[in-house]
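Take a look at the letters that make up each chain.
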Amino acid sequence: MQTWAQFGILGVLRKLLFITCLLVLPFAAQAGIYKWTDQYGKIHFSDKPVAGSKKQHLRSMTGISNPSFNLKRNVMHVPYQDINGSMVVQGQINNVRMRFIVDTGATLVVIPPNMAKKAGINTQNAKTITIQTANGATQSYMVNIANMQVEKLRQQSIPAAIQQVSPNANMGLLGMSFLSAYKMSIDHDQHIITLESR
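Thresholds, definitions, all that
Residues numbered from 1 in each chain as written. Predicted model: local features only at pLDDT ≥ 70, side-chain atom pairs only at ≥ 80, totals over all residues. Heavy atoms only, no water. Phe/Tyr/Trp six-rings, centres within 6.5 Å; stacked < 30°, edge-to-face > 60°. Buried < 20%, exposed > 50% of the residue type's maximum accessible area, 1.4 Å probe, protein only. Helix = DSSP H or I, 4+ residues; strand = E, 2+ residues; numbered from the N terminus. 1 Å grid on protein atoms, 1.4 Å probe; cavity = no way out; pocket = protein on both sides within 12 Å on 5 of 7 lines; lining within 4 Å. Points joined across faces, edges and corners; volume = space filled by probe spheres on them. Nonpolar A, V, L, I, M, F, W, Y, C, P; charged D, E, K, R; others polar. Pairing = 2+ DSSP bridges. Axes fitted to C-alpha atoms, helices over the stretch in contact; angles between N-to-C directions. Contact = heavy atoms within 4.5 Å. Polar contact = N/O pair within 3.5 Å; in protein donor to acceptor, adjacent residues only side chain to side chain.

Visitor: Looking at this structure, how should I read the packing of aromatic side chains?
Guide: Any aromatic ring pair is given by two values, namely how distant the centres are and how the planes are angled relative to each other. Under the criterion given, the structure shown has one aromatic pair. With centroids separated by 5.6 Å and ring planes inclined at 40°, the aromatic side chains of Phe 178 and Tyr 182 adopt a geometry described as tilted. According to the relative accessible area criterion, Phe 178 is buried, its value standing at 0%. Its relative accessible area of 5% is what places Tyr 182 among the buried residues.

Visitor: Sorry if this is basic, but what is going on with unusual backbone geometry here?
Guide: Non-glycine residue Ser 157 carries a positive phi angle of around 50°. For Ser 157, the location among the structural elements is in strand S11 (residues 153-162). Under the relative-accessibility criterion, Ser 157 is labelled partly exposed at 47%. Notably, His 191 is not glycine yet its phi reads approximately 60°, a positive angle. Relative to the helices and strands, His 191 is located in the loop between strand S13 (182-187) and strand S14 (192-197). According to the relative accessible area criterion, His 191 is partly exposed, its value standing at 30%.

Visitor: Is there a simple way to explain empty space enclosed by the protein in this structure?
Guide: Here the idea is plain: a probe the size of a water molecule rolls over the atoms and shows the empty space left. As enumerated under the stated definition, the model contains one cavity of 30 Å³ or more in all. Estimated volume of the largest cavity: approximately 40 Å³. Around the largest cavity, the lining residues are Val 78, Val 89, Val 102, Val 150, Leu 174, Leu 179, Met 184, Ile 193 and Leu 195. Looking at the lining of the largest cavity residue by residue, the class counts come to nine nonpolar, no polar and no charged.

Visitor: Before we go on, may I ask you to explain the sheet that holds strand S4 (residues 75-79) in this structure?
Guide: Strand pairs in the sheet, formed through backbone hydrogen bonds, run parallel or antiparallel to each other. With antiparallel pairing, three strands are arranged side by side in an open sheet as S4-S14-S13. Two strands bound the open sheet, and with one partner strand each, they are S4 and S13. Neighbour to neighbour, the strand axes of the sheet diverge by 20° on average, direction disregarded. Here five bridges tie S4 to S14, and the two strands are oriented antiparallel to one another. When the bridges of S14 are listed, Val 75 appears paired with Glu 196.

Visitor: It is not clear to me how the environment of Ala 181 should be interpreted in this structure. Could you clarify?
Guide: Position of Ala 181 relative to the elements: it lies in the loop between helix H3 (176-179) and S13. Spatially, the C-alpha atoms of Ala 181 and Ser 197 are 6.1 Å apart, while their sequence positions differ by 16 residues. When neighbours within four sequence positions are excluded, Ala 181 is seen to be in contact with Gln 155, Glu 196, Ser 197 and Arg 198.

Visitor: Which parts of the structure should I look at to understand the side chain of Thr 194?
Guide: Relative to the helices and strands, Thr 194 resides in strand S14. Given the relative accessible area of 19%, Thr 194 is considered buried. Here the side chain of Thr 194 touches His 77 through a polar contact of 3.0 Å, side chain to side chain. Those residues in contact with Thr 194 that sit more than four places away from it in its chain are Val 75, Met 76, His 77, Lys 183, Met 184 and Ser 185.

The following block contains the structure:
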């Protein structure tokens, strides 16, 4: 027959065991993986240190260095405004905010001249190209945007044309030189464009 004293000892032992586990876990978590190369050039890994091995610093596995194999899908839901039947989104060129009409029929991103100037885009040595507009063919400067962003989606060195495309002097076109990197779907009821990295 167990006495109250025995129950008390068992309770203390359980608490001591629990505390010991809590103390040991951090040390177990710090246990590393060691890497070394043998005399034949073969690479080895072990959880125990070996002469000449180097400890590998492990990070949480949410992705690997190649973005094409990221474990988290790069998906962005971009709200748009319906302005006279056009989908208009907010974006940035070289950290200068502006608005874009989404145009999957446009080969290039198109920026109006005044926004190009604000963004510090130099046209001095830019080549000229012919682009089709609603008013016919016109000559435009062909440039590269160093940094472009729509919501949290960022790209660098985006081909673009400098041309006024709207009565609004701050409005450009978001063309395929940016959009081709994504699969796009549109929810017209919610006014949301979903962009997912290809």
